[in-house]
Amino acid sequence: MSIEKSGFHWLKSGGAVCRKSNGWHEVKGSTEMATAGEETLASEEQQIGGQAGELEWTVIILTCQFKDSVRAFHRELEIRQRKGSIAPGVALLTVEDPEAHVGSGGATLNALLVAAEHLSAKAGYTVFYSIQMNGVPDTVLSSKNTLLEKLSRTNSGLYVAKIKIHNLLFRLDPFIEVVTSDVLQKARILILHMGRDFPFDGCGRSFTCFAMENPTCKAEALVCNIDVLLHLMTHKLGPGSPPGVWVCSTDMVLTVPSNPAICWDGFRGVRVVSVPGSVTYARNHGVYLIDQEGYICDIIYKGTEEKIKECALKDGRVPLVSGIVFFSSDTAERLLATHVTPPLDGCTYMGLDSGARPVQLSIFFDILLCMARHIGKDVFVNGARRILQSGDITPPDTDVATMKSARVVLWQELRGVPITAVLIADGGYDYMSLSPNDHIQNLTRRRSMSECFVSRHVVYSKMTHPALLNENCSVINSHLEGEIRVDANSVVQHCHLEGSIHCGSGCLLSGLDLPSSPMLQQCRLQDVIIQGHHIKLRGLKLRTFSMLGRLDDLQVPFSNSSSTFLNVPWSTFFERMGIRKEEVWAPSLEQNNLLNAQLFPVLHVSQPLGVEDVLWLLGRGSGWHLRKWQSAWRLSMREILSCLDQHAELNWRQQLFLARAQHQVVSTLHARRDSSLCPLIRAAVCEGYEQQILHTLDTVAATSKDMGVAARTLACVADVLGCMAGGQGGLQSGPAANRAWSEAFRLLEIGNVALGVEKLTEERAHWLNRPDLLVRAARHYEGAGQILIRQAVMSARQFVSVREVGLPPVNQWVVAECPARIDMAGGWSDTPPIAYEHGGAVLGVAILVDKRRPIGAKVRRITEPELRLVLSGGGGEQGMGVEVTCQSLDQLKDYCQPHAPGALLKTAFICTEIIQYPSQVSLRDQLMARFGGGFELHTWSSLPHGSGMGTSSILAGAVVAALISAAGKSCDTASLIHVVLHLEQILTTGGGWQDQVGGLVPGVKIGRSRAQLPLRVEVERIPVADGFMKTLSEHLLLVYTGKTRLARNLLQDVLRNWYARLPSIVQNTDALVRNAEECMQAFIKGDLSQIGQCLNTYWQQKKCMAPGCEPLTVQEMMTILQPHIHGQSLAGAGGGGFLYLLTKRPKQKVAIERILRASKGLGTFSVHEVEVDETGLTVSLAGPEEHPHPTRII
């Protein structure tokens, strides 16, 4: 059954209701739009190539009134495309209306012609024609030199032009086309009409800003009416529709809270979208008369109450004309064919360029009306129903005879095209009328236009006293400095004001600049609209001001008793101010109303003008003000609107938006707020003010006394540079040691941050002209940030306490041994800068692996003045390894390169201050002077590289403990924890504090750090019940996955996301710390099941923190083990290494091995026993033959 027989579509939240011949049929699922043919929306999408959830436009066209506005508004579309609200592949066209006012119908026809030309050109069709003339050589002419006389369609569907040359008609060769219908057959076109002038916004109704935000948008942006309509058309009304042309007016506020699923089965012709409204509201608007089968029978505008009620729905409401129409591709082709037929050629630029007379056409009351069922030809062609849009300021200028001819063409071409309606049952419609009161209500009403837009009373604004703003007011894109009070039902938008100003109820302040503030402080503002306008007047760019009353009617004639200005009758105003009527309206005017009253000064021969030159109209006339007003060149509101400089207005709005963004950058960084600057950074890059944001960031970094703030700021600079690269140039993670940046890095290393940032800025200027250079520069800024992080973490050095105890004998071995650790909750929160910006808490358990302490170091003094370093290859203390001998300081210079042989051990000598590096004193002299010889240091670990068990940090702790003892000193475990933090920063591996806490402190414990510098780690041993440690050991197992993780890559990504303060990362960090505290309580209670739940939660949090840390084979392994365990997680950062399990049953090593071996595709793995270590780090003395001495040092 076809759509026109299935009837009128009612759409409501959660699905759709289709009117059928046998009654209403409700469909509950949005993809179950059944019709008589029982086809579904999903199947229709497969037929037409639609995509549920989002319509992929081919072209979006914005029509605007003036040529001077085209570039400004086209840039606005491009910005939206860069910000992601318009898909990247969509062609954007901004089309000026022809010089004459052609109405919504003429603008649609003209836009459709431009779109077809664009698509034809894109498809490769030439604009040159080969002309054959008898007795005349072949001639090639450009289309610009050709007068199109007729455009006819061939049997093949091609359009072929005919031209007149010397009054002879010639046919162009059909193989060369002007426009082809093929380009419309698969295209999805959206035409957005800006409409005519709007007295309450310099950028028209389309770019009127609402008090809303879109939290889902990746880039910050003011929410304008066009943004809401684009979203509704792309995500709500358009999805599933076949190829064709959507036409959407932007002169209304449209609300579509639900996700309507429009049924397109069997559709052809035209479909209008309607929302229900009251009969009272419909008296000033258009309504559809719809029959039982869903066809449009008539379109009524400002009808009588009786006529409107004939259109009523069952609930008494009526279907309003909402300004949205869809033309099938075939219908759009038929409409396009009329553009070469007089007098409709006068609707397009091509016709006007060819000398045609302009024609004004309405899309609803001309184009659509001829398709309505109850409209006869005589009524349509000869009827007096010539209607403009209700808010049009410009009167019609098309004569009756021309209009009749135009309607004849429309009737011949479009009559018989079926036109049906879709009603959005829960939708809302408010026409943006010329009523000041209506406009204020539109801007202060809190409504749900769509689920992605959130209404707030203050958006993208900066104020010093937010408590003075009533929650029922709206403040949009403004700076309010000082005690500025805004009462309920008032709006302040695009203003920069200061001082003590009281904006009473019912006001709209728009576009007012800082110099306006002193005069506003002296006025009592109530029920007034005060606007600043950017205008161009005879080559001059000016700022002028206007003022209206909230209750004024701009169009009612002066002679009408209800006519007012500033809410009082004209007679009262004239008497109060001493102004004469003749001074306001010229005698030549046909109609005197507020719209054309010349009230607002724009130029004065000798004195500057400002807002005071309209504010005085609120009081009583004084001689000085009156004389100045009388001698000024004044314009009416209509004249001001015709002189508007939209480019300057948009620039003013952008300046306010940028200034607020710069303030937000500074305040967020200095206050260390967990607010993401990424949307702001993306907005800056998309709108072209990235240099201003970079300058702001440079200033913050250079002037901050807090290393943490400076480091975050440099990371933000890296984000700006990465965003400027536009997804090109490679990955942001990468090397950062180019020599060009070395001087800046050197300055940062020695603590000269201000000069270091200056050098960074100088070098950055050479890296901005290519995406690959931008990415490389971003890497170096991240590297610079790492330097400052290291310096911030090195503040932990002050919590190290060492005392002298005397040197051990030469050849006396000092042996340090440590358990491994597993992290049960809270990991990542210990990682700088998270540890000192957010605060961290990690619960860890020291463990023996297969009954062994897997990590250790031993050191002894030797007589030779050198450093002998022996690194075991992973097979334990006796395993094969690498030997490095250092006999000069030059052999220590690679200490900060983590992959250099012996780097950790070299760093340990420097960090413990056994060796001074750099130094003018040689290594030999240093060793002989202080120790009478050198040192031999051995290290080992039986755990594989990348195990996730904290090996490197725990090994660093063992090395430092042994070295301190061998150097004749002693320190406690708390000092060792902070020494290792310091060491890892010198080594440049970064990392947090949980590993050394887990391996140096025995048993179960929780480490914490506060959100402050200097970074201090405090450790609390968790008291557990007697016997619980044994129980825990029996339920813990380790599974080596055979996968080696790359912690450094994970670390770079996590730190970048943290510095970006992505909301998901901030929330997850909160949850990590909270889960660690909950896990501690589970240990105190001895509840294995709850511990397992915390462990499972922890693993999910790790995956959120570092996406990609779960290899597929590990995921499969964890799924297999899930029924047998309380909880499980990969150790450390994840990505590979060890998987640790808390089994439901004790002593499950053999059972777990059997389960895993029974599963194919898991690769090489091994299962290991775990025992909780209750000793922690031990340091003991051994003789030359390495027999341990019974004396414990630590």
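Residues numbered from 1 in each chain as written. Predicted model: local features only at pLDDT ≥ 70, side-chain atom pairs only at ≥ 80, totals over all residues. Heavy atoms only, no water.

### A closer look at the overall build of the protein
Heads up, the condition is: We count a stretch as a helix when DSSP gives it H or I for four or more residues in a row; a strand needs E for two or more, and each element gets its number in order from the N terminus. Relative accessibility thresholds used throughout: buried, under 20% of the residue-type maximum; exposed, over 50%; partly exposed, between the two (1.4 Å probe, protein chains only). Contacts are residue-level and defined by heavy atoms, with any inter-residue pair within 4.5 Å sufficient. Only the protein chains shown count as covering a residue, and every accessible area follows the Shrake-Rupley method with a 1.4 Å probe.
Within the protein, the secondary structure is distributed over 38 helices and 53 strands. Of all 1194 residues assigned to the protein, the portion counted as buried reaches 60%. A sequence separation of at least 24 residues applies to 69% of the contacts in the protein between residues at least 6 apart. Total accessible area computed for the protein in this model is approximately 46800 Å², and 50% of it derives from carbon and sulfur atoms.

### Here's the deal with the pairing of strand β49 (residues 1125-1130)
Our working rule: For two strands to pair, DSSP has to find at least two bridges joining them.
Most of β49 is tucked away, with five of its six residues classed as buried. With five bridges connecting them, β49 and strand β50 (residues 1138-1143) associate as antiparallel partners. Within β50, the position partnered with Ser1129 by the bridge is Tyr1140.

### Describing the pairing of strand β38 (residues 813-818)
Of all six residues that make up β38, five are buried, and the element is covered over most of its length. Taken together, the five bridges between β38 and strand β52 (residues 1178-1182) define a ladder with antiparallel strand orientation. When the bridges of β52 are listed, Val815 appears paired with Ser1180. As paired elements, β38 and strand β41 (residues 855-862) share five bridges and run antiparallel to each other. Pairing of Val814 across the sheet is with Val859, part of β41.

### Overview of the environment of Ser947
On the secondary structure map, Ser947 appears in the loop between β44 (934-941) and α30 (951-966). As a C-alpha pair, Ser947 and Tyr1040 span 93 residues in sequence and 7.9 Å in three-dimensional space.

### Concerning unusual backbone geometry
The omega angle of the peptide bond from Pro342 to Pro343 is 0°, so this bond is cis rather than trans. Residue position: Pro343 is located in the loop between α9 (329-337) and α10 (349-353). Here Tyr917 and Pro918 are connected by a cis peptide whose omega angle stands at -5°. Take Pro918: it is sitting in the loop between α28 (903-911) and α29 (923-931). Of note in this structure, Asn489 is not a glycine but carries a positive phi near 60°.

### Digging into the nonpolar core
Keep this limit in mind: The definition of a nonpolar core used throughout is a set of buried Ala, Val, Leu, Ile, Met, Phe, Trp, Tyr and Cys residues joined through side-chain atoms within 4.5 Å.
Phe573 and Phe1083 are the most contacted members of the largest nonpolar core, which has 309 residues in total. The leading source of residues in this core is helix α26 (residues 771-793), at 12 residues. Ile189, Val270, Ile375 and Ala421 belong to the second-largest nonpolar core, a separate cluster that totals 59 residues.

### So, the packing of aromatic side chains
How two aromatic rings sit relative to each other is given by the distance of their centres and the angle of their planes. Put simply, the test is: Two rings belonging to Phe, Tyr or Trp (six-membered ring only in the last case) form a pair when the distance between their centres is within 6.5 Å. Interplanar angles under 30 degrees mark stacking, angles over 60 mark edge-to-face geometry, and anything in between is tilted.
For the structure shown, the criterion picks out 29 aromatic pairs. Ring geometry for Phe909 versus Phe935: centroids 6.0 Å apart, planes at 55°, classification tilted. With Phe909 in helix α28 and Phe935 in strand β44, this residue pair connects regions lying 26 residues apart in the sequence. Judged by its relative accessible area of 0%, Phe909 falls in the buried class.

### Some points on the pattern of salt bridges
We count it as follows: For this analysis, a salt bridge means a side-chain nitrogen from Lys or Arg found within 4 Å of a carboxyl oxygen belonging to Asp or Glu.
Tallied over the full model, the rule gives 51 salt bridges. Of the charged contacts in the structure, one is a salt bridge between Arg456 and Glu213, with a shortest N-O distance of 2.9 Å. You can see Arg456 sitting in the loop between β21 (454-455) and β22 (458-459) and its partner Glu213 sitting in strand β12 (residues 212-213), a full 243 residues away along the chain. Judged by relative accessible area, which is 35%, Arg456 ranks as partly exposed. Residue class for Glu213 comes out buried when judged on its relative accessible area of 18%. Here Lys462 ties to Glu481 by a salt bridge, and the two come within 3.7 Å at their closest N and O atoms. Within this pair, whereas Lys462 is found in strand β23 (residues 462-463), its partner Glu481 is found in strand β25 (residues 479-481), the two being separated by 19 residues in sequence. What you see here is one network of salt bridges that share partners, running through Arg860, Glu864, Glu866, Arg868 and Glu936.

### Comments concerning the sheet that holds strand β28 (residues 496-498)
We apply this condition: Simply put, an axis is a line fit to the C-alpha atoms, just over the touching stretch for a helix, and the angle between two N-to-C directions goes from 0 to 180 degrees.
Ordered in space as β23-β25-β28, the three strands form an open sheet in which the pairing is parallel. Whereas interior strands pair on both sides, the edge strands pair on one side only; in this sheet they are β23 and β28. Pairing of β25 with β28, which is carried by three bridges, proceeds in the parallel orientation. If you follow Glu481 over to β28, its bridge partner there is Glu498. Its contacts with the sheet put helix α20 (residues 646-670) on β23, β25 and β28, and the angle it makes with β25 is roughly 60°.

### A look at the packing of α28 against helix α31 (residues 973-987)
Note the following rule: Geometric relationships in this document are graded by angle, where less than 35 degrees denotes roughly parallel, more than 145 denotes roughly antiparallel, 65 to 115 denotes roughly perpendicular, and other angles denote oblique. Crossing handedness follows the turn of the near helix against the far one: under a right angle anticlockwise gives a left-handed crossing, and clockwise gives a right-handed one.
In the contact formed by α28 and α31, the axes pass within 9 Å of each other and the chain directions differ by 120°. It follows that α28 is oblique to α31 by the angle criterion. You can see that α28 and α31 cross each other, and the crossing is right-handed. Contacts from Ala903, Leu904, Thr907, Ala908 and Cys911 of α28 reach α31 at Val979, His982, Leu983, Ile986 and Leu987.

### Considerations on helix α25 (residues 753-764)
For the α-helix, the turn length of 3.6 residues means that residues three or four positions removed from each other point alike. Put simply, the rule is: What a helix should span is 1.5 Å times the count of its residues minus one. Arc, as used here, means the arc of the directions from the helix axis to the C-beta atoms.
In a regular helix each residue adds 1.5 Å, so 12 residues correspond to 16 Å; α25 covers 16 Å between its end C-alpha atoms and thus fits that length. Taken together, the buried positions of α25 are occupied by Val753, Gly756, Val757, Leu760, Glu763 and Arg764. Projection of α25 onto a plane perpendicular to its axis shows the buried side chains occupying an angular sector of 125°, all on one side. Buried residues along α25 sit against α22 (690-703), α23 (707-724), α24 (742-749) and α26.

### Overview of the sheet that holds β22
An order of β22-β24-β27-β30-β31-β32 is seen for the six strands of this open sheet, with the pairing classed as mixed. Of all strands in the sheet, those bounded by a partner on one side alone are β22 and β32 (540-549). As paired elements, β22 and strand β24 (residues 474-476) share two bridges and run parallel to each other. Paired with Val459 across the bridge in β24 is Ile476. Against the sheet, helix α14 (residues 436-444) engages β24, β27 (491-493), β30 (508-510), β31 (528-537) and β32, with an angle of about 75° to β27.

### Overview of the confidence of the model for the protein
The predicted structure's coordinates, where accompanied by low pLDDT, should not be read in detail. Definition in use: For every residue, the predictor assigns a confidence score, pLDDT, that lies between 0 and 100.
Per-residue confidence for the protein averages 86 on the pLDDT scale, and 87% of its residues sit at or above 70. Across residues 1-52, where pLDDT falls below 50, the model places 131 contacts with residues more than four positions away in sequence or in other chains. Considering only residues more than four positions removed or in separate chains, one finds that residues 384-395, a stretch of pLDDT under 50, has 40 contacts.

### Let's talk about helix α38 (residues 1149-1157)
Of all the residues in α38, the buried ones are Ala1151, Ile1152, Glu1153 and Leu1156. The elements touched by buried residues of α38 are β48 (1036-1040), α37 (1112-1121), β50 and β51 (1166-1172).

### Side note on the packing of helix α35 (residues 1063-1085) against helix α36 (residues 1088-1105)
Formally: Each residue is assigned to one class: nonpolar for Ala, Val, Leu, Ile, Met, Phe, Trp, Tyr, Cys and Pro, charged for Asp, Glu, Lys and Arg, and polar for all the others, Gly among them.
Two numbers describe how α35 lies on α36: the axes approach to 9 Å, and their chain directions differ by 160°. What the angle tells us is that α35 and α36 run roughly antiparallel. Every pair of crossing elements has a handedness; the one defined by α35 and α36 is left-handed. Note on element contacts: α36 touches α35 through Gln1090, Ile1091, Cys1094, Thr1097, Tyr1098, Gln1101, Cys1104 and Met1105, opposite Ser1064, Ile1065, Asn1068, Thr1069, Ala1071, Leu1072, Asn1075, Glu1078, Cys1079, Ala1082, Phe1083 and Lys1085. For the contact of α35 with α36, a count of residues per class yields 11 nonpolar, seven polar and two charged.

### Here we look at the side chain of Arg764
Within the secondary structure, Arg764 sits in helix α25. Beyond its immediate stretch of four places on either side in the chain, Arg764 contacts Leu694, Asp698, Val717, Leu721, Trp741 and Tyr781.

### Focus on the side chain of Ser328
To be explicit about the condition: We define a polar contact as two N or O atoms separated by no more than 3.5 Å, with the added condition that, inside protein, one atom must be a possible hydrogen donor and the other a possible acceptor, whereas residues neighbouring each other in sequence contribute only through side-chain atom pairs.
Within the fold, Ser328 resides in strand β18 (residues 318-328). Of the polar contacts made by the side chain of Ser328, one reaches the side chain of Thr331; its length is 2.9 Å.

### Some thoughts on the environment of Ser450
Topologically, Ser450 is positioned in the loop between α14 and β21. With a relative accessible area of 0%, Ser450 lands in the buried category. C-alpha of Ser450 to C-alpha of Val228: the two residues are 222 residues apart in sequence and 7.9 Å apart in space. Here Ser450 is in contact with His231, Leu232, Lys236 and Val256, once residues within four sequence places are set aside.

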